[in-house]
Amino acid sequence: LCAGGKGPRDLITDVPGVRVGHVTLCGDSPDGPLHTGVTAIVPPGDCFADKLSAAAYVSNGFGKSMGLVQVDELGSLETPILMTNTLSCGACYDALVRHALDRHAEIGVDTGTVNPVVMECNDGPINTIRAMAVTPQHGLDAIAAAGDTFDEGDVGAGTGMTCFGLKGGIGSSSRIVAFDGCDYTIGVLVLTNFGSRSCLRIAGRPVGRLLAEAEDKVDDDPDKGSIVAVIATDLPADSRQLRRMAKRVTVGIARCGGYIGNGSGEIVVAFSTANRIPHWAGESRGGAAAPMIDTVRRLSDNAMDDCFRVAAASEEAIVSSLWHAHSVVGRTGETTWSLHDAAGRAGVDIL
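Each helix and strand in the protein chain was counted, giving nine helices and 14 strands. Relative to its length of 351 residues, the protein chain is compact, with a C-alpha radius of gyration of 20 Å against a globular reference of 20 Å. By principal-axis analysis of the C-alpha atoms, the protein chain measures approximately 70 × 50 × 35 Å. Residues classed as buried in the protein chain amount to 57% of the 351 residues present. Of the contacts formed within the protein chain by residues at least 6 apart in sequence, a portion of 78% connects residues at least 24 apart. Summed over all atoms, the accessible surface of the protein chain reaches about 14200 Å², with 49% contributed by carbon and sulfur. Distance between charge centroids for the protein chain: 3 Å, based on 29 positive and 42 negative side chains.

In structure tokens form, the structure reads like this:
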């Protein structure tokens, strides 16, 4: 799990300027118990005016994420990224539109519109998802709450998620790489809601099989439910290279025992903070027009092997989502046990 040096927090926010915030919704509603929320990944600066190089990778498209088509076509990101439950994508889309409109009066008037990026997993087994409790204000509040430290586990978008039949949620990790005498950071954040219990492996140890045998439940549910991930880096990587990194998240998924089942959506968005893409290139705005031809730094493909350490960071982030989560009684009254509680009940060593 620990291949490569880690950042000081071992979080995606080790990438300079990247921040993460949560809004967690727990309690009762007229429709039933709520266990849901929003998580915001906020890049530095104004990413509408000065966009970030980005890429999207869909390993299995059983998902309802929003904004990936334009990210794939243009190779850029122009809003923060919000994560939430499946039926709340619309509310988070509205939040990101409002966030952009509040900062740019030109949007929809003398320039184009905006491409919000929203990622989701289905928390319906634990949360009363039909209540559609997440509002646009919750999305805005998650952005406003973003900072360089944040909680993992059953918080924000991860509040109602299940991973390998255990309580899952938000997990994060980071790696430091060095090129030409300078250190750079690659960070990953996952929202885990996938996996079959008996398949779970931690550092190569068949923890899931040991739990299943202790519970006399070797026959397990299929791998379904989804995992979405965000990679951030300050490396001067272009969209093609970011997509190559995004593909390696699937290595981390497989190391943990996920096999990317038919009903599981595996979707990754990756972005770089290094080279900004001016929205108003060629237009005069209070002075000389921004150039139509940029000069940018670009990472050599010879460096990609070190960048593919994101596979180990993804594996660690998945385990971290389990490690930090707590047992919860869901909408049906059944308990989804945390990794620690399940292992304690079964007398199984986690590591």
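Now that the structure has been shown, we can carry on.
Moving on to the packing of helix α2 (residues 89-103) against helix α3 (residues 136-144). Following both chains from N to C, one finds α2 and α3 inclined at 60°, their axes separated by 7 Å at the closest point. Considering the angle they form, α2 stands oblique to α3. Seen from above, α2 lies across α3 with right-handed handedness. Mapping the contact onto sequence places A91, D94, A95, L96, R98 and H99 in α2 and P136, G139, L140 and I143 in α3. For the contact of α2 with α3, the per-class residue count stands at six nonpolar, two polar and two charged.

A full pass over the atoms with the stated rule returns 14 salt bridges. The closest approach of N and O atoms between R175 and E316, which form a salt bridge, is 2.9 Å. Taken together, the residues span a long stretch of sequence, with R175 in strand β9 (residues 170-179) and E316 in helix α8 (residues 310-323) at a distance of 141 residues. Under the relative-accessibility criterion, R175 is labelled buried at 1%. Given a relative accessible area of 9%, E316 falls into the buried group. With a closest N to O distance of 3.9 Å, R298 and D238 form a salt bridge. Of the two residues, R298 is situated in the loop between β12 (266-278) and α7 (304-307) and D238 in the loop between β11 (227-233) and α5 (239-247); the sequence distance between them amounts to 60 residues. With a relative accessible area of 22%, D238 lands in the partly exposed category. Through salt bridges with shared partners, a single ionic network connects K6, D10, R175 and E316.

What follows covers the packing of helix α4 (residues 207-214) against helix α9 (residues 339-346). At a minimum axis distance of 9 Å, the contact between α4 and α9 shows a crossing angle of 50°. Considering the angle they form, α4 stands oblique to α9. Note on packing geometry: the crossing formed by α4 with α9 is left-handed. Counted together, V207, L211 and A214 of α4 and L339, A342, A343 and A346 of α9 form the full contact between these two elements.

A few words now on the layout of surface pockets. A water-sized probe, rolled over the atoms, reveals where empty space remains. Each pocket or cavity is described by its volume, and for the largest pocket that value is around 980 Å³. Sorting the residues of the lining of the largest pocket by element identifies β7 (162-163), β14 (335-336) and α9 as the ones contributing at least two each. Take the lining of the largest pocket: its biggest share by element is three residues, from α9. When the residues that make up the lining of the largest pocket are grouped by side-chain class, the tally is 10 nonpolar, 15 polar and 11 charged. Looking at the second largest pocket, its volume works out to about 180 Å³. Looking at the second largest pocket, it is lined by 16 residues, and the ones nearest its centre are D46, C47, P80, H99 and R103. No other element matches the four residues that α2 contributes to the lining of the second largest pocket. Class assignment of the residues belonging to the lining of the second largest pocket gives a composition of eight nonpolar, four polar and four charged.

Spatial strand order, β1-β2-β5-β6: four strands in an open sheet with mixed pairing. Taken across any chain shown, the strands that pair with only one partner, and hence form the sheet edges, are β1 (19-29) and β6 (117-121). If you compare each strand with its neighbour and ignore which way they point, the axes differ by 15° on average. In terms of strand pairing, strand β5 (residues 81-85) meets β6 through five bridges, oriented parallel.

So, how was this worked out
- Residues numbered from 1 in each chain as written.
- Predicted model: local features only at pLDDT ≥ 70, side-chain atom pairs only at ≥ 80, totals over all residues.
- Heavy atoms only, no water.
- Helix = DSSP H or I, 4+ residues; strand = E, 2+ residues; numbered from the N terminus.
- Rg over C-alpha atoms; globule rule 2.2 N^0.38 Å.
- Buried < 20%, exposed > 50% of the residue type's maximum accessible area, 1.4 Å probe, protein only.
- Contact = heavy atoms within 4.5 Å.
- Areas by Shrake-Rupley, 256 points an atom, 1.4 Å probe, with all protein chains shown as cover.
- Lys, Arg positive; Asp, Glu negative; His and termini not counted.
- Charge placed at Lys NZ, Arg CZ, Asp CG, Glu CD.
- Axes fitted to C-alpha atoms, helices over the stretch in contact; angles between N-to-C directions.
- Parallel < 35°, antiparallel > 145°, perpendicular 65-115°, else oblique.
- Left-handed = near helix turned anticlockwise from the far one by under 90°.
- Nonpolar A, V, L, I, M, F, W, Y, C, P; charged D, E, K, R; others polar.
- Salt bridge = Lys/Arg side-chain N within 4 Å of Asp/Glu carboxyl O.
- 1 Å grid on protein atoms, 1.4 Å probe; cavity = no way out; pocket = protein on both sides within 12 Å on 5 of 7 lines; lining within 4 Å.
- Points joined across faces, edges and corners; volume = space filled by probe spheres on them.
- Pairing = 2+ DSSP bridges.

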